[in-house]
Amino acid sequence: MSRILTVLARGYLFHGKDGAVIWGDPHDRVDHARRALCAWCSVPEDGKRVQGKEWQFQTDFSELHPEFPELVDADGVGWFLRHVLRAADFMLAHPEKVRSTSLKYAEVLRSKFASAWRSKVMQYQIPIFAPQTKGAWTLRFDDVLADALELGPLRREEPELPHKLTEKVKAALPKEIPAEVVCTLIRYYLANRQDDCEWVVLPVASFDAYFGDTSFSKKYLPKIPAEVVERSNAFGISRYRITEEYLP
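Calculation rules
Residues numbered from 1 in each chain as written. Predicted model: local features only at pLDDT ≥ 70, side-chain atom pairs only at ≥ 80, totals over all residues. Heavy atoms only, no water. Core = buried A, V, L, I, M, F, W, Y, C linked by side-chain atoms within 4.5 Å. Buried < 20%, exposed > 50% of the residue type's maximum accessible area, 1.4 Å probe, protein only. Helix = DSSP H or I, 4+ residues; strand = E, 2+ residues; numbered from the N terminus. Contact = heavy atoms within 4.5 Å. Pairing = 2+ DSSP bridges. 1 Å grid on protein atoms, 1.4 Å probe; cavity = no way out; pocket = protein on both sides within 12 Å on 5 of 7 lines; lining within 4 Å. Points joined across faces, edges and corners; volume = space filled by probe spheres on them. Nonpolar A, V, L, I, M, F, W, Y, C, P; charged D, E, K, R; others polar. Axes fitted to C-alpha atoms, helices over the stretch in contact; angles between N-to-C directions. Parallel < 35°, antiparallel > 145°, perpendicular 65-115°, else oblique. Left-handed = near helix turned anticlockwise from the far one by under 90°.

Focus: the nonpolar core
Formed by 33 residues in total, the largest nonpolar core has its most connected members in Leu5, Leu37, Trp40, Cys41, Leu71 and Trp117. For this core, the secondary-structure elements that each account for two or more residues are helix H1 (2–14), helix H2 (30–41), helix H3 (79–93), helix H5 (106–124) and helix H6 (141–151). It is H2 that provides the largest number of residues to this core, a total of eight residues. In this structure Leu5 touches Leu37, Trp40, Cys41, Tyr124, Leu139, Phe141 and Val144, once residues within four positions along its chain are discounted. Core analysis: the next-biggest nonpolar cluster, separate from the first, contains 25 residues, Phe216, Leu221, Val228 and Tyr246 among them.

Focus on the environment of Asp28
Mapped onto the fold, Asp28 is located in the loop between H1 and H2. Residue classification places Asp28 among the exposed residues on the basis of a relative accessible area of 64%. Put simply, Asp28 and Leu13 are 15 residues apart on the chain and 8.7 Å apart in space, counted from C-alpha to C-alpha.

Some details on the pairing of strand S3 (residues 239–242)
Where strand S1 (residues 200–201) and S3 come together, two bridges link them in antiparallel fashion. Paired with Val200 across the bridge in S3 is Tyr240. In the sheet, strand S2 (residues 229–232) pairs with S3 via four bridges, with the strands oriented antiparallel. Note on S3: the bridge partner recorded for Glu230 is Arg241.

Comments concerning the side chain of Ser42
Examined against the element boundaries, Ser42 turns out to sit in the loop between H2 and H3. Beyond its immediate sequence surroundings of up to four residues, Ser42 is in contact with Thr59, Asp60, Phe61, Ser62, Val72, Gly76, Val77, Gly78 and Leu81.

Observations concerning the layout of surface pockets
The computed volume of the largest pocket comes to approximately 1700 Å³. Lining of the largest pocket is provided by 29 residues; of these, Arg10, Tyr188, Asn192, Pro203 and Ser206 occupy positions nearest its centre. Only H1, H6, helix H8 (179–192), S1 and helix H9 (204–211) provide two or more residues apiece to the lining of the largest pocket. For the lining of the largest pocket, the leading source of residues is H1, giving six residues. Class assignment of the residues belonging to the lining of the largest pocket gives a composition of 14 nonpolar, six polar and nine charged.

Observations concerning the sheet that holds S2
Paired through backbone hydrogen bonds, the strands of a sheet run either parallel or antiparallel to each other. Ordered in space as S1-S3-S2, the three strands form an open sheet in which the pairing is antiparallel. Of all strands in the sheet, those with a lone pairing partner are S1 and S2, marking the two edges. Most of the contacts of H8 go to S3, to which it runs at about 100°, and overall it touches S1, S2 and S3.

Details of the packing of helix H7 (residues 163–172) against H8
Relative to each other, H7 and H8 sit at 125°, their axes nearing to 9 Å. The angle between H7 and H8 places the two elements in the oblique class. In this structure, H7 meets H8 at a crossing whose hand is right-handed. Across from Thr166, Val169 and Lys170 in H7, the residues of H8 making contact are Ala179, Val182, Cys183 and Ile186. Grouping the amino acids of the contact of H7 with H8 by side-chain chemistry returns five nonpolar, one polar and one charged.

As structure tokens, then:
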């Protein structure tokens, strides 16, 4: 969720509606980006919130619908809540088209997700300098916006790999590992490697999402030969580097 919210924040901090980069001081658009995060996360109130209590943050951002119609509807249902509920509805309506392991959660999502999500949205709004310990170890909009400011505008860098290198990668892999998996790792490495370090953080969960399931982390990643991709978990951080032989 941290990655998703950061991507969203970067979009509204640095880009206009047409996707073009907006130049100038991004700090002037922080409030705009925060409202976008609130709109995307919006969930209608359940009637239990005590009005006027500082510790019970607002979760219904229907008033942001005119500014962000793509993120929240007039009833206060944000993009993410709407997406999850529609997925649950689809699973319940078409059980033959989804995995049984997913289907068993559909009814739970339909009946309980809004309440659980409402609690998360409250946590996201805790100020970064809150004196109480209630804000410790939680993801907050303040953290997301700080990361977005550091990362800058969204970018798409997908270096093309020479055909000869692609064939070399394919020949070095076990048959059960698609060459595209390792080629994607190489392209990501080339796009994110810093000048002062040959290691790149490996966002395993993001790669799972990119490929559509957990096959990347559970099936492919452990079997990639070390002579192609060298991995390290130093300091609890998953990192990797591509050996020189497999770089363009």
